[in-house]
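Spelled out from the first residue to the last, the chains are:
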Amino acid sequence: MMNNLAKSLVLLHTVLSVAGMGWAIMLTLQGRDLGWMEPYQEVFSYGQDGKPKAGETARYASEYDKSLAALQDAARVRDRTYVAVKPAIDSIRTAEPYLANNHLYYVAELKRLREATEKIVVRRNKEAGAVLETPIIGKPVPEDQALANITESHATYMQNLKKIIGEVHPKTLKKTQGDIDGVEADIRKLATDTKELTFQLTGTDETNKYVQPGLYQLTDQEFKAQSQLKVEIEEIRPNWSKAVEQSRLFRFRFNDLDAQLKKLKAVK
């Protein structure tokens, strides 16, 4: 008895589950029109004969019809667009066999310019790279004449620069002396001597502040003194000549008077 009841309940549960699943499927399919023999038609009004009036109906495209129309429209857009991009696509397909070799040539040239250890020859591209070995897709043609001042790679120039100015280690921050450090003492001495010479000549310090008369000023002052002395000598010269002449006359008169005095003394 109980076994039959349990089996009946299980059967009832199964039937209800299948019915519910069917109802859910029906609601899902009714919500999305997947396509029929004829598109779904909606009637807005009927005539007296029970048939839809002309112009009072509307048909709606199904999901299948919409997908097909979208696919066909996309195909038409593709065809219209392809006409514009076809020359570019053909150009790319024509150039593809050359791209690998051109890239390898470019990489090799960069490596040679950056890392070569021996002397190198550097040439500019003709017309800034506009002249190619093969039109449009070839490698650029270099000029015949090489650059005279560039004969080593970037790495070699960097090594030479470090040798000249020295190098600071990035981790230890320890500086390696370069060739230029050997002349820094001479440069400092020359700068000190130049500063001292400038001070002696101009009499000003590093801030251009006046401290004492310099040789230039002393020279100017001496020139002014000599000029003033010359002017004073020229002013004194007439008086001096007149005084010498008067002194000579006075000496003659003195000699005459002295001679007369001796004669008078002799008469006594």
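Our subject is the structure listed above.
As the structure is a prediction and not an experimental result, all values here were calculated from the model.

Peer 1: So, the overall build of the protein chain: which residues are in play, and what are the values?
Peer 2: For the protein chain, the count of helices and strands is 5 helices and 4 strands. Sequence-ordered secondary structure for the protein chain, helices as α and strands as β, is α-β-β-α-α-β-β-α-α. Computed over C-alpha atoms, the radius of gyration of the protein chain comes to 59 Å, more than 25% over the 18 Å expected from 2.2 N^0.38 for 268 residues, which places it beyond the range of a compact globule. Each principal axis of the C-alpha atoms in the protein chain carries an extent, and together these give about 210 × 60 × 60 Å. In the protein chain, which comprises 268 residues, the proportion classed as buried is 7%. At a minimum sequence separation of 6, the contacts of the protein chain that also span at least 24 residues come to 28%. Within the structure as shown, the protein chain displays about 23,300 Å² of accessible surface, and the carbon and sulfur contribution to it stands at 61%. Across the protein chain, the centroid of the 39 positively charged side chains sits 8 Å from that of the 36 negatively charged ones.

Peer 1: I'd love a proper account of a nonpolar patch on the surface, names of residues and values included.
Peer 2: A cluster of nonpolar side chains, M158, L161, I164, I165, I180, V183 and I187, forms an exposed patch at the surface whose accessible area comes to about 550 Å². Tallying contributions element by element places helix α3 (residues 154–165) first for the nonpolar patch, with 4 residues. Looking at the secondary structure, you find I187 in helix α4 (residues 184–202).

Peer 1: Could you give me a rundown of the side chain of T156, with the residues and numbers involved?
Peer 2: Considering the arrangement of structural elements, one finds T156 in helix α3. Excluding anything up to four places from it in sequence, T156 contacts A116 and T117.

Peer 1: Help me get a handle on unusual backbone geometry, residues and values and all.
Peer 2: Glycine aside, a negative phi is what most residues show, and trans is what most peptide bonds show. Phi at E127 is positive, roughly 50°, even though this residue is not glycine. Inspection of the secondary structure puts E127 in the loop between α2 (63–115) and α3. The phi dihedral of A128 falls on the positive side, at around 60°, and the residue is not glycine. Mapping A128 onto the fold places it in the loop between α2 and α3.

Peer 1: Summarise the side chain of S153; cite the residues concerned and give the values.
Peer 2: By the element assignment, S153 lies in the loop between α2 and α3. Engagement of the side chain of S153 in a polar contact is seen with the backbone oxygen of A116, the distance being 2.5 Å. For S153, the residues in contact, after removing those within four places along its chain, are R112, L113, R114, E115, A116 and I120.

Peer 1: Can you tell me about the pattern of salt bridges, naming the residues and giving the values?
Peer 2: Per the counting criterion, the structure on display carries 9 salt bridges. Between R112 and E109 there is a salt bridge, with the nearest N and O atoms lying 3.0 Å from each other. Here E109 and R112 lie together in helix α2, a separation of 3 residues that amounts to about one turn. Given the relative accessible area of 28%, R112 is considered partly exposed.

Procedures and definitions
- Residues numbered from 1 in each chain as written.
- Predicted model: local features only at pLDDT ≥ 70, side-chain atom pairs only at ≥ 80, totals over all residues.
- Heavy atoms only, no water.
- Helix = DSSP H or I, 4+ residues; strand = E, 2+ residues; numbered from the N terminus.
- Rg over C-alpha atoms; globule rule 2.2 N^0.38 Å.
- Buried < 20%, exposed > 50% of the residue type's maximum accessible area, 1.4 Å probe, protein only.
- Contact = heavy atoms within 4.5 Å.
- Areas by Shrake-Rupley, 256 points an atom, 1.4 Å probe, with all protein chains shown as cover.
- Lys, Arg positive; Asp, Glu negative; His and termini not counted.
- Charge placed at Lys NZ, Arg CZ, Asp CG, Glu CD.
- Patch = residues over 30% accessible without salt bridge, like charges linked within 9 Å, V, L, I, M, F, W, Y side chains within 5 Å.
- Salt bridge = Lys/Arg side-chain N within 4 Å of Asp/Glu carboxyl O.
- Polar contact = N/O pair within 3.5 Å; in protein donor to acceptor, adjacent residues only side chain to side chain.

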